[in-house]
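Here are the chains, one letter per residue:
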Amino acid sequence: QVQLVESGGGLVQAGGSLRLSCAASGGIFSLYNMGWLRQAPGKEREFVAAIGVSGSTYYADSVKGRFTISRDNAKNTVYLRMSSLKPEDTAVYYCSADQGISKLRLGSSAYWGQGTQVTVSS
């Protein structure tokens, strides 16, 4: 059983930056693909970014060039660096893990964190 704990959310002005972290435990971190999804009020959860076990990265078109996902296998942690934030990035951001990268991108991962709120003010 993999446990995921997110941190780093908060309130930021448009154009600002934040870095989210997700600490994993309970499994062999290096064997899991890791991802971030988000859910805004009244909207469905959507894929944001993923990083595979080999380090390959995937991004939603809406965040390409602004967000960067990375992982540190020695620290069992995945990061999401968010820059040039927009009000439409406001959402609860969830960390997820799965051994299938497709499941991550589809939002059907096996493991989820509790979420961290990101609010971008205009």
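Residues numbered from 1 in each chain as written. Predicted model: local features only at pLDDT ≥ 70, side-chain atom pairs only at ≥ 80, totals over all residues. Heavy atoms only, no water.

J.: I tried to follow the packing of aromatic side chains on my own but got confused; where do I start?
T.: Aromatic ring pairs are defined here through the distance separating the ring centres and the angle between the ring planes. Enumeration according to the criterion identifies two aromatic pairs in this entry. A centroid spacing of 6.0 Å and a plane angle of 80° characterise the contact between Y32 and Y111, whose relative ring orientation is edge-to-face. In this pair, Y32 sits in the loop between β3 (18–25) and β4 (33–39) while Y111 sits in strand β10 (residues 111–112), placing the two residues 79 residues apart along the sequence. Residue classification places Y32 among the buried positions, given a relative accessible area of 13%. The class of Y111 is buried, set by a relative accessible area of 18%. Centre to centre, the rings of Y94 and W112 are 6.4 Å apart; their planes meet at 80°, and the pair counts as edge-to-face. With Y94 in strand β9 (residues 91–98) and W112 in strand β10, this pair connects stretches of sequence that are 18 residues apart. Positioned over the ring face of Y94 is R45, at 4.1 Å from the centre of the ring. Directly above the aromatic system of F29 lies the positively charged group of R71, at a separation of 4.6 Å from the ring centroid. (Phe/Tyr/Trp six-rings, centres within 6.5 Å; stacked < 30°, edge-to-face > 60°. Helix = DSSP H or I, 4+ residues; strand = E, 2+ residues; numbered from the N terminus. Buried < 20%, exposed > 50% of the residue type's maximum accessible area, 1.4 Å probe, protein only. Lys NZ or Arg CZ within 6 Å of the ring centre and 35° of its normal.)

J.: Help me out: how do you make sense of the pairing of strand β8 (residues 77–82) in this one?
T.: Within a regular strand, the side chains alternate between the two sheet faces. When you tally the buried positions in β8, you get five out of six residues, the bulk of the element. Of the pairings in the sheet, the one linking β3 to β8 comprises six bridges and is antiparallel in character. Pairing of L18 across the sheet is with M82, part of β8. If you look at the hairpin formed by strand β7 (residues 67–72) and β8, you'll find four residues sitting between the two strands, and N76 has a positive phi there, around 50°. (Pairing = 2+ DSSP bridges.)

J.: So what exactly am I meant to see when it comes to the state of the cysteines here?
T.: Cysteine pairs can be covalently joined through their sulfur atoms, and such a bond is termed a disulfide. Enumeration over the complete set of coordinates arrives at one disulfide. Residue pairing for C22: its cysteine sulfur links by disulfide to C95, the two sulfurs lying 2.1 Å apart. In this structure, the disulfide formed by C22 and C95 twists by about -80° around the S-S bond and is classed as left-handed. Taken together, the residues span a long stretch of sequence, with C22 in strand β3 and C95 in strand β9 at a distance of 73 residues. (Disulfide = S-S within 2.5 Å.)

J.: Could you clarify how one ought to interpret the nonpolar core in this entry?
T.: A general feature of soluble globular proteins is that nonpolar side chains tend to end up buried together. Of all hydrophobic cores here, the largest spans 35 residues; its most connected members are L4, M34, W36, V78, L80, M82 and Y93. Counting residues per element, the ones that place at least two in this core are β3, β4, β5 (46–51), β7, β8, β9 and β11 (116–121). For this core, the element with the highest residue contribution is β5, accounting for five residues. What Y93 contacts, discounting residues up to four positions off in sequence, is E6, L20, W36, L37, R38, V48, F67, L80, M82, G115, T116 and V118. (Core = buried A, V, L, I, M, F, W, Y, C linked by side-chain atoms within 4.5 Å. Contact = heavy atoms within 4.5 Å.)

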